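Remarks on the overall topology
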Amino acid sequence: MKNKLKRDLKARHLAMIAIGGSIGTGLFVASGATVAQAGPGGALLSYAIIGVMVYFLMTSLGELAAYLPVSGTFATYGSRYVDEAFGFAIGWNYWYNWAITVAVDLVAAQLVISYWFDAGPYSWLWSLLFLSIIFCLNYISVKGFGEAEFWFSLIKVVTVIVFIIVGLLMIIGIFQGAGGAGWQNWTIKEAPFAGGFSAMIGVAMVVGFSFQGTELIGIAAGESKDPEKNIPKAMRQVFWRILLFYILAIFVISMIIPYTDPNLLRNNETDISVSPFTLVFKNAGLLSAAAFMNAVILTSVLSAGNSGLYASTRMLYALAKEGKAPKIFAKLSSSGVPRAALLATTFVAMLCFLTSMYKDQAVYLWLLNMSGMTGFIAWLGIAISHYRFRKGYFIQGNDVDQLPYKSSCFPFGPIFAFVLCLIITLGQNYEAFLQDTIDWNGVIATYIGIPLFLMIYFGYKIVKKTKWVKYEQMDFSRED
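In what follows, the accompanying structure is described.

The rules behind each value
- Residues numbered from 1 in each chain as written.
- Predicted model: local features only at pLDDT ≥ 70, side-chain atom pairs only at ≥ 80, totals over all residues.
- Heavy atoms only, no water.
- Helix = DSSP H or I, 4+ residues; strand = E, 2+ residues; numbered from the N terminus.
- Patch = residues over 30% accessible without salt bridge, like charges linked within 9 Å, V, L, I, M, F, W, Y side chains within 5 Å.
- Areas by Shrake-Rupley, 256 points an atom, 1.4 Å probe, with all protein chains shown as cover.
- Salt bridge = Lys/Arg side-chain N within 4 Å of Asp/Glu carboxyl O.
- Contact = heavy atoms within 4.5 Å.
- Axes fitted to C-alpha atoms, helices over the stretch in contact; angles between N-to-C directions.
- Left-handed = near helix turned anticlockwise from the far one by under 90°.
- Nonpolar A, V, L, I, M, F, W, Y, C, P; charged D, E, K, R; others polar.
- Phe/Tyr/Trp six-rings, centres within 6.5 Å; stacked < 30°, edge-to-face > 60°.
- Buried < 20%, exposed > 50% of the residue type's maximum accessible area, 1.4 Å probe, protein only.
- Lys NZ or Arg CZ within 6 Å of the ring centre and 35° of its normal.

Describing unusual backbone geometry
Residue P411 is reached from F410 by a cis peptide bond, and omega for that bond is 0°. Even without being a glycine, K465 presents a positive backbone phi close to 55°. Relative to the helices and strands, K465 resides in the segment after α18 (449-464).

What follows is the structure in C-alpha cells.
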C-alpha cells in the first residue's frame, strides 16, 4: 500500500494552529516598527484595516479548504479554478515565502537571545541549534508537529492574554510601573499619526507579515480529521484572534511605550533592540518578568519557524505530487512525512547563516521585506481563487447553501481583499521612486517577489501553453 499523508491533526490541533499560527516574530519582534514609524494611531489603524482584510481572506480560504481539504491548497485551487500556470506560480511562491520566513524566524531568534548575552560572530550557532530542533519535530511525523505546535501556541496565547491584562492594569493605574502609561503617548510630537498616510503605507508590509500564518489552517486541512467540521470551526475563531491578539496588543504597546522610544524596532539596522512586549515589562519595573517574556518570545519564534517549515514542506510535496516539482519530493516516509521536501526546504532556511557575515539586523529586515511581499502574493491568489470558485460553482448549477462552509461576505470579501492587497503590494516603498537618487538595493529587496512570480507564471504558461479555466469547465470533484 502506498504511503499517504496521515490525517492525524485533531480538532484541538487545528484550533490552536488557527489561533497561534500567526503569533510569532511579526507580532512579538516586528510590531515595534509600526508604532515607531506610523505613530500609535497609524499603527493601530494599519493593524485594524489589514485585520479586516485578513478576516475576509480567511473566510474565503475556509470555504475552499472545507470543500477540498488538500495539502496543496493554494496551488491546487489556483490550478483548478484559475489557470494551471497560476497554480504553479502560487505554489512555488508560497514554498519560497515560508522557506524564507523560517530563515527570518531563525535570525529573529538571534536578536531575541541577545537580550541575555551576545555571541558576537558565533551568533549563527543559535540558528543552527533552533533549526535542528524544528527539523526534528517535522521529521518524525505530522502528529509530532501538531503536538509541538499545540503547546507552543498555547504558551503564546496565554502569554499574550496575560500581557494585555497587565498592560491594561498599567494604563488604568491599578498597576503602577516605572514608566508613564496613558494617552499622553498619543500626543507626543507628531502622534498619533506620525508620518501621515505615506508612513501607514510604509508599515503595511510589516503589518501584513505579522498576520502571515493565519492561512496555515488551509495547509493543515490535508492532514486533519473531519475537515468539513473542524476547518469551519477553526475559521470562526479568526476574527476574535485578530481583535484580541493584534488590536489590543498594539493598543497596549502604544499606550505604554512612546513611539519615539529609541528601543523600538525601526527600519534602521542600528536601532533594532528588544521586543516591545519585553519593553512593557521593563517599563513596569518587572525585570524578571521581562526576562521570562523574552523566553516566551523565543518559544514563539521556534513555533513560527516550526509552522513555516511544515507549510513550505507540504507545499513542495503537493507540487511534486501534481508533477510541478521533481518527483523525489512527493515521496513519503512510513509515518507520512515528505522527508525529501523537508530536507530541501531546510537547506533554503539555512540562509539565516548569512548573519555570520553581515549584521543580524540588516539580514533580518532584508528577509522580512522579501517574505512579506511573497506572502501578499499568496493572499492575492486566495482572493482570486475563491472568487472564481464561487462563480464557477454557481454557474454549473450547484447550490452554494450546500457548501460545508460558506463565506458570508461574497463577493465583497474577496474583492476588498484583492484590491487592498494589490494597493499595498504595488505601493510599498513607492517613495523610493520620488527621490533624487533611487535606493535600488531597497527597491529590489522590497519588490523582488513580483518579477519572480511573473517569471514563474509566464515561463510555465509559455512552455505548457496553458489557458485560464472557463467557469463551465472547472473541476468540482472532491477527490484529492
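As for a nonpolar patch on the surface
On the surface, I161, I165, L169, I172 and I174 cluster together to form a nonpolar patch covering roughly 460 Å² of accessible area. With respect to the helices and strands, L169 occurs in helix α7 (residues 142-171).

Structural notes on the side chain of S46
Relative to the assigned elements, S46 resides in helix α3 (residues 31-67). The contacts of S46, once residues within four sequence positions are left out, are M200, V203 and V207.

Quick word on the packing of helix α5 (residues 84-113) against α18
Between α5 and α18, the shortest axis-to-axis distance is 8 Å and the interhelical angle comes to 145°. Classified by chirality, the crossing of α18 by α5 is right-handed. Of the residues in α18, those touching α5 at E84, A85, F86, F88, A89, I90, W92, N93 and Y96 are L452, F453, I456, Y457, Y460 and K461. Along the lines of polarity and charge, the residues of the contact of α5 with α18 split into 12 nonpolar, 1 polar and 2 charged.

Focus: the packing of aromatic side chains
Summed over all chains, the structure comprises 30 aromatic pairs. Consider the rings of F376 and W379, whose centres lie 5.3 Å apart with planes at 70°: the pair is edge-to-face. Taken together, the residues span about one helical turn, with F376 and W379 both in helix α15 (residues 360-395) at a distance of 3 residues. Judged by relative accessible area, W379 falls into the buried class, the value being 1%. Pairwise contacts between aromatic rings join Y67, Y77, Y81, F389, Y393 and F476 into one cluster. The ring of Y139 carries R339 above its face, with NZ or CZ at 4.0 Å from the centroid.

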